[in-house]
Amino acid sequence: MVGYDPEAKSVSTAEAAAAGSASGLVTRVLISPLDVIKIRFQLQIEQLSSRNPGAKYHGILQAVQRIFQEEGLGAFWKGHVPAQFLSVGYGAVQFMAFESLTKLVHNVTSYNARDSFVHFVCGGLAACTATVAVQPVDTLRTRFAAQGEPKVYRSLRQAVVTMYQTEGPRTFYRGLTPTIIAIFPYAGLQFSFYNILQQFSEWAIPAEGKKGGNVKNLVCGSCAGIISKTLTYPFDLCKKRLQVGGFEHARAAFGQVRMYRGLLDCIRKITREEGPGGFFKGLSPSLLKAAVSTGLIFFWYELFCSLLHSLKNTDSTTRKEG
């Protein structure tokens, strides 16, 4: 049901937006702890190793224990309010744009709307559109998740006012360049591999074994998330480093801090100071998060679309009988 299919039931723009919002909201609640750990790892300059005495975080379990001991259970949902705005808005715009673009391709070009290349291009463009729309919220979410104790920002309103007054409006779009560079192939690969895996499963699984469609959607989405995240991860790390620029005082408790003049400067400094491995800090929780979040996003999207269709069909039947 993801993407326009002239031979099957398709969703309207409003249904795609509603299903995308709902899937983003539910998924965000479940994956927020992994997101916080991933961001902490990405922002740590020191090597993620117990052999490094200056490193605050060494691994996933150690990070979970330390964050819980120092900041409490609520720390795993730091920045959850802006993160929910991000997920709901992003999900709505992304799926609405994707469904519209695949339908447009089918109507005005000779390409098959179910082709994996079409899904790659449309998925990338849809994600870029959604990213520009929600980038300020993403920056807020990152800062809330990154700050330690005592907190610099006590509320969303205070964060917005403080950032605007002290750093200017452009600060809300910090890290946009690497985000756009990374999000196009990342989202494109997500939609493309999800489509490929769905087609493969239809070929590989006998007709009598196709009852577990929801599980299949979850597995295909998880695999697509792992593949796409691994291939585009370095840009995600650079984005996070740039988003906390000018926020160094709140990072002092976590170890060393760096200031970057832009994407190229960020790449140069990470290469020189941290080596190639520096671009993959936090990859483990990130892959875990990508597998869970992408799987759940597609799972919930397909499920909510099915529910909306069922409700619409029930309503139509009721009207006819009336």
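Throughout, a residue's number is its position along its own chain's written sequence, starting from 1. Where local features are concerned, this predicted model is filtered to residues with pLDDT of at least 70; where side-chain atom pairs are given and counted, the filter is 80 or more; whole-chain, interface and lining totals use all residues. Water and hydrogen atoms play no part in the side-chain values, which are based on all heavy atoms of the structure.

Per an unreviewed UniProt entry, the protein chain goes by Mitochondrial thiamine pyrophosphate carrier and derives from Chionis minor. For the protein chain, the Catalytic activity (unreviewed entry) comment in UniProt is given as "thiamine phosphate(out) + thiamine diphosphate(in) = thiamine phosphate(in) + thiamine diphosphate(out)". The protein chain has a UniProt comment under Function (unreviewed entry) that states "Mitochondrial transporter mediating uptake of thiamine diphosphate into mitochondria. It is not clear if the antiporter activity is affected by the membrane potential or by the proton electrochemical gradient." UniProt positions are given in the numbering used here, feature names are shortened, and annotations may be inferred rather than shown by experiment.

1. What to know about the packing of helix 6 (residues 176–204) against helix 7 (residues 213–243)
Two elements in contact, helix 6 and helix 7, have axes whose closest approach is 8 Å; the angle formed by their N-to-C orientations is 170°. Between helix 6 and helix 7, the angle falls in the class roughly antiparallel. Geometry is summarised by axes, namely lines fitted to C-alpha atoms with helices restricted to the contacting stretch, and by angles between N-to-C directions that run from 0 to 180 degrees. Put simply, DSSP marks the helices as runs of H or I at least four residues long and the strands as runs of E at least two long, and each gets a number from the N terminus on. The cut-offs work like this: below 35 degrees is roughly parallel, past 145 is roughly antiparallel, 65 to 115 is roughly perpendicular, and the gaps in between are oblique.

2. Re the packing of helix 3 (residues 80–108) against helix 6
Helix 6 packs onto helix 3 with a crossing angle of 65° between their chain directions and a minimal axis gap of 13 Å. When the axes of helix 3 and helix 6 are compared, the pair comes out roughly perpendicular. When you trace helix 3 past helix 6, the crossing you get is right-handed. The segment helix 3 lies against helix 6, with Tyr-90, Gln-94, Phe-95 and Phe-98 engaging Ile-183, Ala-187 and Phe-191. Here the residues of the contact of helix 3 with helix 6 sort into 6 nonpolar, 1 polar and no charged. The crossing is said to be left-handed when, going from far helix to near helix, the turn is anticlockwise and less than a right angle, and right-handed when the turn is clockwise. Only heavy atoms enter the contact rule, under which two residues are in contact if any of them lie within 4.5 Å. Polarity classes work like this: nonpolar for Ala, Val, Leu, Ile, Met, Phe, Trp, Tyr, Cys and Pro, charged for Asp, Glu, Lys and Arg, and polar for all others, with Gly in that last group.

3. What to know about the UniProt feature "repeat: Solcar" (unreviewed entry) in the protein chain
Under the UniProt annotation, the feature "repeat: Solcar" (unreviewed entry) is placed at residues 11–104, 114–200 and 212–307. End C-alpha to end C-alpha, residues 11–104 measures 14 Å, and it is 72% helix and 0% strand.

4. Let's talk about a nonpolar patch on the surface
A cluster of nonpolar side chains, Leu-25, Val-29, Leu-30, Phe-68, Leu-73 and Trp-77, forms an exposed patch at the surface whose accessible area comes to about 560 Å². Among the elements that line the nonpolar patch, the one with the most residues is helix 1 (residues 13–43), at 3 residues. For Val-29, the location among the structural elements is in helix 1. With a relative accessible area of 38%, Val-29 lands in the partly exposed category. Only residues whose relative accessible area exceeds 30% and that take part in no salt bridge are eligible for patches, with like-charged residues grouped when within 9 Å of each other and nonpolar side chains (Val, Leu, Ile, Met, Phe, Trp, Tyr) grouped when within 5 Å. Values of accessible area rely on a 1.4 Å probe in the Shrake-Rupley scheme; residue burial ignores everything except the protein chains shown. Whenever Lys or Arg places a side-chain nitrogen within 4 Å of a carboxyl oxygen from Asp or Glu, that contact is recorded as a salt bridge. Relative accessibility under 20% of the residue-type maximum defines a buried residue, over 50% an exposed one, and the middle range a partly exposed one, all with a 1.4 Å probe and only protein chains included.

5. Some words on the environment of Gln-158
The residue Gln-158 is located in helix 5 (residues 156–167) in this model. The residues touching Gln-158, leaving out its near neighbours within four places in the chain, are Val-152 and Tyr-153.

6. Here we look at helix 1
By this rule the span expected of a helix is its residue count minus one, scaled by 1.5 Å. End to end, helix 1 covers just 38 Å across 31 residues, shorter than the expected 45 Å (1.5 Å per residue, more than 12% under). A maximum bend of about 60° is found in helix 1 at Ile-31, where proline Pro-33 lies one to four positions downstream. In terms of residue burial, helix 1 counts as a mostly covered element, since 23 of its 31 residues are buried. Note on bend: at a given residue it equals the angle between the axes fitted to the 7 residues ending there and to the 7 starting there.

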